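Analysis of the macromolecular model
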Protein chains: 2
Amino acid sequence: MQVARHHRTIITDVAPSVDGGQWPARRAAGETVSVMAGVIADGHNKLAVLIEVRPPAGEPTTQRLKLRWNDEYVGSFACPTPGRYRFRISAWVDEFATWQDEFRRRVEHHADAQEVTVELLTGAALVREAARRIAHPQALERFAEAMERCEASAALDEELSQLMRRHDRKRGATTSRWYVLEVDPPLAGFAAWYEFFPRSASAVPGRHGTLDDAADRLDRIRAMGFDVVYLPPVHPIGTTFRKGKDNSPAAAPGEPGSPWAIGSREGGHTAVHPELGGLAAFDRFVGRAKSLGLHVALDIAFQCSPDHPYVRKHPEWFQRRADGTIRYAENPPKKYQDVYPLDFTSEEAPSLWIELKRAFEFWIERGVRIFRVDNPHTKAFTFWEWCLGELRAKDPDLIFLAEAFTQPRTMYTLAKLGFNNSYTYFTWRNTKEELTSYMTELAHSDVAEYFRPNFWPNTPDILHEFLVQGGRPAHVIRFILAATLSATYGVYGPPFEHVDCRQHPEREEYANNEKYEVRHWNWHDEESLQPLFQRINQLRRAHPALQQLRSIRFFDVRNKHILGYCKVSGDSRIVCFVNLDPFHEQAADVVLPLDYLGLSGHEPFTVEDLLGGGSFTWQGVWQHIRLNPHVMPAAIYRV
Amino acid sequence: MQVARHHRTIITDVAPSVDGGQWPARRAAGETVSVMAGVIADGHNKLAVLIEVRPPAGEPTTQRLKLRWNDEYVGSFACPTPGRYRFRISAWVDEFATWQDEFRRRVEHHADAQEVTVELLTGAALVREAARRIAHPQALERFAEAMERCEASAALDEELSQLMRRHDRKRGATTSRWYVLEVDPPLAGFAAWYEFFPRSASAVPGRHGTLDDAADRLDRIRAMGFDVVYLPPVHPIGTTFRKGKDNSPAAAPGEPGSPWAIGSREGGHTAVHPELGGLAAFDRFVGRAKSLGLHVALDIAFQCSPDHPYVRKHPEWFQRRADGTIRYAENPPKKYQDVYPLDFTSEEAPSLWIELKRAFEFWIERGVRIFRVDNPHTKAFTFWEWCLGELRAKDPDLIFLAEAFTQPRTMYTLAKLGFNNSYTYFTWRNTKEELTSYMTELAHSDVAEYFRPNFWPNTPDILHEFLVQGGRPAHVIRFILAATLSATYGVYGPPFEHVDCRQHPEREEYANNEKYEVRHWNWHDEESLQPLFQRINQLRRAHPALQQLRSIRFFDVRNKHILGYCKVSGDSRIVCFVNLDPFHEQAADVVLPLDYLGLSGHEPFTVEDLLGGGSFTWQGVWQHIRLNPHVMPAAIYRV
């Protein structure tokens, strides 16, 4: 008989977990984690269900879970610090509690004296058995004696219950696997990102900006309420096959090239482009950001220009064609001759992996904790699992944003492998149906356990038609959606705030793209969206409901152009309406989810208009909303 | 570096599977199993995804899965015989197919001659590498030579593609775990059961029926179209604390007792009650059933009357109270003194387990393949997992119906442990909302992979108020629902077909319950529901759509009393409407799911009325239906 005969309990559906515990679930530090386990046993016994939690540092804790209903046992634990938590569930038949429960029912239903006597002796035998196993059995022995003297009240004494619970022999116990919970720094769960190109930061039009110029922009970015400044790659840019303006195949003399064509004789992934001011300027930039309470996110793009030092020193890290030349990036018939991909799976990969991890460590040592990783899905998955795991083991405060605009399974798998922020399809989800269905997947499916979306209305690579056509109202709509639907979001700032949405004639991206040329922005434009950015970021900070994703509920708005949703966190209750039509005023009757908001349908309640200002009183589920996109396409209410 | 660096593929979401492969999925013999695996790799490579299937006997087979969309690879395999199938998925980057795909695009987009040359040499190197690894490399070498001579057409030759596919070096291959698929006999997936008490089968009122009397009922049961005859326990019945009529605590002299109080001096679980005619009569009964194409299901209730031989021979298999007496079944304050539970988890359990398995084997040797297991949830789960596994390893044709009317997790877990039929909550699901939501759970959630419902409108233990109040129309409604919603169903026949629905004054069960007394039925009653049983069972046999569960779809019927659903299997398309109100005629506009039925909204289609007879022509999604419960509360159409 190979079956573990003594196991009487079966543990199922443990939450949080991902694919039955195959991958870690993800939370942010400071959260309280709700735990659930389905536990059954044969018969009608009382069960003991225990959770054992091992935090990344300090002592393990144990706690009993409580029966909620339908064999679901629930509890919670705090995860105050980032790092890798582990937990497992044990369950067994609580013999004495089962005996007590039956005994109580016998007494309540006036069992006859002989039955009570026999049962008290049966219970006393359980107590005696426990007493024999422990060092200080006196208390248990006193209870056993009382029960043997037929004192029914002794059998149900609270002290006895606790002693027997503590010294349960755990018959039929089953223990689950260890489940892993990756607890991220709070900023992984709630942050507003601002992206800009430092080389466009000069105060002087036409001049190549430096990281010192960029540092001069930080006060303004902080004033707008952002948490993270994200810089495209700051490394030396290759000259061989350098791209020109608007991605033309060859750069004219003096053109700066794409920051993603990394590496030149001045260095590679651990160097700073001389025109940006070199490493010293970078350190000053990080210092300035830190003093303002801003966090710096660096772009990590593991690819090389033909001029990258790796090409000379480690030709074995690249693929070769049959003519001996190094294979450049291509997706036939498209050629990207300014970029050599690295070969993550060759025989030489181990030294490459170690070198690339070192590149991360280099920037971590210089104070960077946040990395936006370019195209992780074109590099070996095993590399990321290894590299992010190693880095995080030393420094659990790290944030990695995956820039993988690819098919859903790959995006979700990268999150399982360790990316704790991800770009999303938000950029292309514009209609009410698209937004509702996508948000439901992100917030209410299994995905919510491990994939943390970072919503971007635009990037240097993506300028959606909706922004192009809809102009300023469309920008306001998309910004408010990003910042209120998702707890982490970002914006490629300068063109967005200035509503510069001229599109490249052939691509879904900006014309005069900063990827290929230095731009100059008016940092003092009175007409910019700066006040909107500031106000929305203020609201996000003030209202905990906007600092998380999973409580979102969409509700019934009788107009296909108006999206209505609410978020709840403790006492913080926020209701949003967004008119998705950037051209026309839209109005609708709406059915408020009063139950979910903790309100009764009968009593009036106060609603504070957080964008328009003022308060008013509502009553009942039916309300009416009217939104003019040329004034303000959204309404945000505190309820 | 502990990471398996060479693994480039990740396999996710394999279907069919249960809890990520922790438990077997379940199918019936003769089905074609659709398989799906999500597979991703870094980059934009062509992947090879292979399924390897190990049938219970014979050679393993392998097959490539095909990319459907979004990284989903699909295929199917047949499972013609019952038994335990295993399958696993392997996936790797198909280097040569990836190279060919890029090469094809280069040629299509007129790559220059030098590029084509270099790429042909690169491809030729892959071919040479394969040639070096195989015994008969000549064909590959010829292709390599042609490619080296710059013959582009050779590179895309179909023979080369196949050779390279066969001899792929499987770089970066990943292999999934083995997934288990329990393939049951067809009768587990599609069957109509008829339950009756043989002791009530005598042609002479007042006489205790025998199994020979019961055998005389089989022609009629077969004529009604049933597949399985299920008998309550046929073992000797205890006399100590024997229950009387209507479950009264003490039997009057001559009362027959409950067949579930098993065991007397005449024997236990491997004996037949003398008044039923003993083992010889049982064998004759099985033979008669077999000759008619009927299958016999026995009731297995692992509990003992105080008179059971086990009590004397194996007192160690029972629990004892402190006064030395054997503990009878109880749920305080209720006492079941006529029944001793067996102790499945004591130190003595191993010999008990072996003995109980022997009891199954005893009946299997006498030709029984189907067992209805009484209260499996009050016995150790590990016992069932072991016992059913051992029995099925010898005889994969077995069917075990779990009679566990308990909480959902326990019912579902028993299915995972090996019960391939289960009683359900159907008996208590009467409204449209209840039926729709329950059927959706059973047919369209994970549950459908392993839990096979057997729908019963009544049992000796359960007579629902709906049947009591609704009389004959309610019986017709519930019978048609059971037989058309579920592919396996059963009915506790005699009182149901005679619409004898007098309820016990205090319990949700029949008055004058056959559990405690011998009844006499008029087997020739012209008013019985026999013609309905016959007609519905005929339809089930004639229409494959009714022989499975998972294709069910409910559709929009604008009346809360009318349930509309359809099932599709190949060309077989059945649409059902059931008026759930046994008292009043109901009518409704309905929206037919024409797409799902493979029909266009523009063309008329023929509908055959399978209950009322005749055919007519419909067109469009909107139809109108009217059902009078006093005539026929349901309509079944072939479309």
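So, how was this worked out
- Residues numbered from 1 in each chain as written.
- Chains lettered and ligands numbered in written order.
- Predicted model: local features only at pLDDT ≥ 70, side-chain atom pairs only at ≥ 80, totals over all residues.
- Heavy atoms only, no water.
- Helix = DSSP H or I, 4+ residues; strand = E, 2+ residues; numbered from the N terminus.
- Buried < 20%, exposed > 50% of the residue type's maximum accessible area, 1.4 Å probe, protein only.
- Contact = heavy atoms within 4.5 Å.
- Lys, Arg positive; Asp, Glu negative; His and termini not counted.
- Charge placed at Lys NZ, Arg CZ, Asp CG, Glu CD.
- Domains from an automatic or database assignment.
- Buried area = accessible area lost by both parts, 1.4 Å probe.
- Salt bridge = Lys/Arg side-chain N within 4 Å of Asp/Glu carboxyl O.
- Polar contact = N/O pair within 3.5 Å; in protein donor to acceptor, adjacent residues only side chain to side chain.
- Nonpolar A, V, L, I, M, F, W, Y, C, P; charged D, E, K, R; others polar.
- Disulfide = S-S within 2.5 Å.
- Axes fitted to C-alpha atoms, helices over the stretch in contact; angles between N-to-C directions.
- Parallel < 35°, antiparallel > 145°, perpendicular 65-115°, else oblique.
- Left-handed = near helix turned anticlockwise from the far one by under 90°.
- Least-squares fit on C-alpha atoms with pLDDT ≥ 70 in both.
- Pairing = 2+ DSSP bridges.
- pLDDT = per-residue confidence, 0-100.
- Phe/Tyr/Trp six-rings, centres within 6.5 Å; stacked < 30°, edge-to-face > 60°.
- Lys NZ or Arg CZ within 6 Å of the ring centre and 35° of its normal.
- Expected span 1.5 Å × (residues − 1).

Looking at the overall build of chain A
Along chain A, the regular secondary structure elements total 17 helices and 31 strands. With respect to the three principal axes, the spread of C-alpha positions in chain A is 105 × 65 × 45 Å. The proportion of buried residues among the 639 residues of chain A is 60%. Long-range pairs, those at least 24 residues apart, make up 74% of the contacts in chain A between residues at least 6 apart in sequence. Positive and negative side-chain charges of chain A, numbering 75 and 82 respectively, have mean locations separated by a distance of 2 Å.

A closer look at the domain arrangement of chain A
Residue and element names in this part refer to chain A. By domain assignment, chain A separates into domain 1 (9-94 + 172-183), domain 2 (96-166), domain 3 (191-301 + 353-547) and domain 4 (553-638). Look at where the C-alpha atoms of domain 1 and domain 2 centre, and you get two points 30 Å apart. The interface is formed by five residues belonging to domain 1 together with five residues belonging to domain 2. Interface area, domain 1 with domain 2, both sides summed: about 510 Å², of which 42% is carbon and sulfur. For domain 1, the biggest contributors to the area lost against domain 2 are Lys46, Arg64 and Asp94; these three give 86% of the whole. At the surface where domain 1 touches domain 2, the tally comes to zero salt bridges. Our enumeration of links across domain 1 and domain 2 arrives at four residue pairs in polar contact (both at pLDDT 80 or more). Grouping the amino acids of the side of domain 1 that touches domain 2 by side-chain chemistry returns one nonpolar, one polar and three charged.

Some remarks on the state of the cysteines
Residues and elements named next belong to chain A. Across all of its chains, the model carries zero disulfides over all chains by this definition. In this model cysteine 304 remains outside any disulfide bridge; the closest cysteine sulfur is found in cysteine 387, 15 Å from its own. Under the relative-accessibility criterion, cysteine 304 is labelled buried at 0%.

With respect to the environment of His273(B)
Residues and elements named next belong to chain B. Looking at the secondary structure, you find histidine 273 in the loop between strand 12 (228-231) and helix 9 (278-292). For histidine 273, a relative accessible area of 9% puts it in the buried group. For the pair formed by histidine 273 and proline 233, sequence separation is 40 residues and the distance between their alpha carbons is 9.1 Å. Residue contacts for histidine 273: discarding those within four places in its chain leaves His208, Val234, His235, Pro236, Ile237 and Gly278.

A short note on the packing of helix 2 (residues 113-133) of chain A against helix 3 (residues 138-148) of chain A
Residue and element names in this part refer to chain A. Axis separation between helix 2 and helix 3 bottoms out at 9 Å; the angle between their running directions is 165°. Our classification of the angle between helix 2 and helix 3 gives roughly antiparallel. Where helix 2 crosses over helix 3, the handedness of that crossing is left-handed. Residues Leu120, Leu121, Gly123, Ala124, Val127, Arg128, Ala130 and Ala131 of helix 2 form the contact with helix 3, whose participating residues are Leu140, Glu141, Ala144, Glu145, Met147 and Glu148. Per-class residue counts for the contact of helix 2 with helix 3 are nine nonpolar, one polar and four charged.

Considering the relation of the copies chain B and chain A
Note on the identical chains: chain B maps onto chain A by a rotation of 180° and an axial translation of 0.1 Å, with an RMSD of 0.1 Å. The relationship between the two copies is best expressed as a two-fold rotation axis. Minimal C-alpha separation from the rotation axis in chain B is found for Gly20(B), amounting to 3.3 Å. Most of the interface of chain B is mirrored in chain A, where 100% of its interface residues again form contacts.

Looking at the sheet that holds strand 31 (residues 634-638) of chain B
In a beta sheet, neighbouring strands are held together by backbone hydrogen bonds and run either parallel or antiparallel to one another. Residue and element names in this part refer to chain B. Strands sit in the order 23-25-26-31-28-29 across an open sheet of six strands; the sheet is antiparallel. Among the strands making up the open sheet, the edge pair consists of strand 23 (553-554) and strand 29 (615-618). Both strand 23 and strand 25 (residues 562-569) contribute to a ladder of two bridges, which runs antiparallel. Looking at strand 25, one finds that arginine 553 is bridged to cysteine 566.

Comments concerning the pattern of salt bridges
Residue and element names in this part refer to chain B. By the definition in use, this model includes 99 salt bridges over all chains. In this structure, arginine 105 and aspartate 101 form a salt bridge, with 2.8 Å as the shortest nitrogen-oxygen distance. Residue arginine 105 and its partner aspartate 101 are located together in helix 1 (residues 95-108), separated by four residues, close to a single helical turn. Across the salt bridge formed by aspartate 219 and arginine 288, the nearest N and O atoms sit 3.8 Å from each other.

With respect to the interface of chain B and chain A
Every contact between the two is made by 60 residues of chain B and, on the other side, 60 residues of chain A. Joining chain B to chain A, the criterion identifies 11 salt bridges. The tally of links from chain B across to chain A stands at 22 residue pairs in polar contact (both at pLDDT 80 or more). Secondary structure elements with two or more residues in the side of chain B that touches chain A: strand 1 (9-15), strand 3 (32-41), helix 1, helix 2 (113-133), strand 15 (329-331), helix 11 (349-365), helix 12 (381-394) and helix 13 (408-417) of chain B. Sorting elements by how many residues they give to the side of chain B that touches chain A places helix 2 of chain B first, with six residues. Looking at side-chain class alone, the side of chain B that touches chain A contains 22 nonpolar, 19 polar and 19 charged residues.

Describing the packing of helix 1 (residues 95-108) of chain A against helix 2 of chain A
For any two helices packed against each other, one specifies the crossing angle of their axes together with the interaxial distance. Residue and element names in this part refer to chain A. Contact pair helix 1 / helix 2: the axes reach a minimum separation of 11 Å and the direction vectors enclose 165°. With respect to their mutual orientation, helix 1 and helix 2 come out roughly antiparallel. Read as a crossing pair, helix 1 and helix 2 show a hand that is left-handed. For the pair helix 1 and helix 2, the contacting residues are Glu95, Phe96, Trp99, Phe103 and Arg106 in the first and Glu115, Val116, Glu119, Leu120, Thr122, Gly123, Leu126 and Val127 in the second. A class-by-class count of the residues in the contact of helix 1 with helix 2 yields seven nonpolar, two polar and four charged.

A look at the confidence of the model for chain A
In this model, chain A carries an average pLDDT of 95, and 99% of its residues clear a pLDDT of 70 or more. Interface predicted TM-score (ipTM) for the complex: 0.92; the corresponding pTM is 0.93.

Considering the side chain of Arg372(B)
Within the secondary structure, Arg372(B) sits in strand 18 (residues 370-374). Polar contacts involving the side chain of Arg372(B) include one to the side chain of Asp299(B), which spans 2.9 Å.

A word on the packing of aromatic side chains
For any pair of aromatic rings, the description consists of the separation of the ring centres together with the inter-plane angle of the planes. Under the defined criterion, the tally for this structure stands at 99 aromatic pairs over all chains. A centroid spacing of 6.2 Å and a plane angle of 85° characterise the contact between Tyr230(B) and Trp456(B), whose relative ring orientation is edge-to-face. Here Tyr230(B) is found in strand 12, whereas its partner Trp456(B) is found in the loop between strand 21 (454-455) and helix 15 (465-485), with 226 residues between them in sequence. Of the two residues, Tyr230(B) and Trp456(B), both sit in the buried class. Relative to Phe496(B), the ring of Phe479(B) has its centre 6.4 Å away and its plane inclined at 45°; by these criteria the two rings are tilted. With Phe479(B) in helix 15 and Phe496(B) in helix 16 (residues 493-497), the pair connects residues that are 17 residues apart, well separated along the chain. Taken as a pair, Phe479(B) and Phe496(B) share a single burial class, namely buried. Pairwise contacts between aromatic rings join Phe302(A), Phe344(A), Trp353(A), Phe360(A), Phe371(A), Phe383(A), Trp384(A), Trp386(A), Phe400(A) and Phe419(A) into one cluster. Lying over the aromatic face of Tyr438(A), Arg429(A) brings its terminal NZ or CZ to 5.4 Å of the ring centre.

Description of the environment of Gln548(B)
With respect to the helices and strands, Gln548(B) occurs in the loop between helix 17 (530-542) and strand 23. Excluding residues that lie within four positions of it along the chain, Gln548(B) makes contacts with Ala487(B), Lys567(B), Val568(B) and Ser569(B).

Structural notes on helix 1 of chain A
Between the first and last C-alpha of helix 1 of chain A there are 20 Å, a value that for 14 residues agrees with the 20 Å anticipated at 1.5 Å per step. All of the buried residues in helix 1 of chain A are Phe96(A), Thr98(A), Trp99(A), Gln100(A), Asp101(A), Phe103(A), Arg105(A) and Arg106(A). Those residues of helix 1 of chain A that are buried are in contact with strand 8 (83-93), helix 2, helix 3, helix 4 (152-155) and helix 5 (158-166) of chain A together with strand 15 of chain B. Two residues or fewer past helix 1 of chain A, His110(A) is found with a positive phi of approximately 60°.

Digging into unusual backbone geometry
A negative phi angle is the norm for most residues apart from glycine, just as the trans form is the norm for most peptide bonds. Pro16(A) follows Ala15(A) through a cis peptide bond whose omega is 0°. You can see Pro16(A) is positioned in the loop between strand 1 (9-15) and strand 2 (25-28). In the Ramachandran plot, Asn70(B) falls in the positive-phi region, its phi being about 45° despite a non-glycine side chain. Looking at the secondary structure, you find Asn70(B) in the loop between strand 6 (66-67) and strand 7 (72-78). Residue Phe241(B) is not a glycine yet carries a positive backbone phi of 55°. Relative to the helices and strands, Phe241(B) is located in the loop between strand 12 and helix 9.

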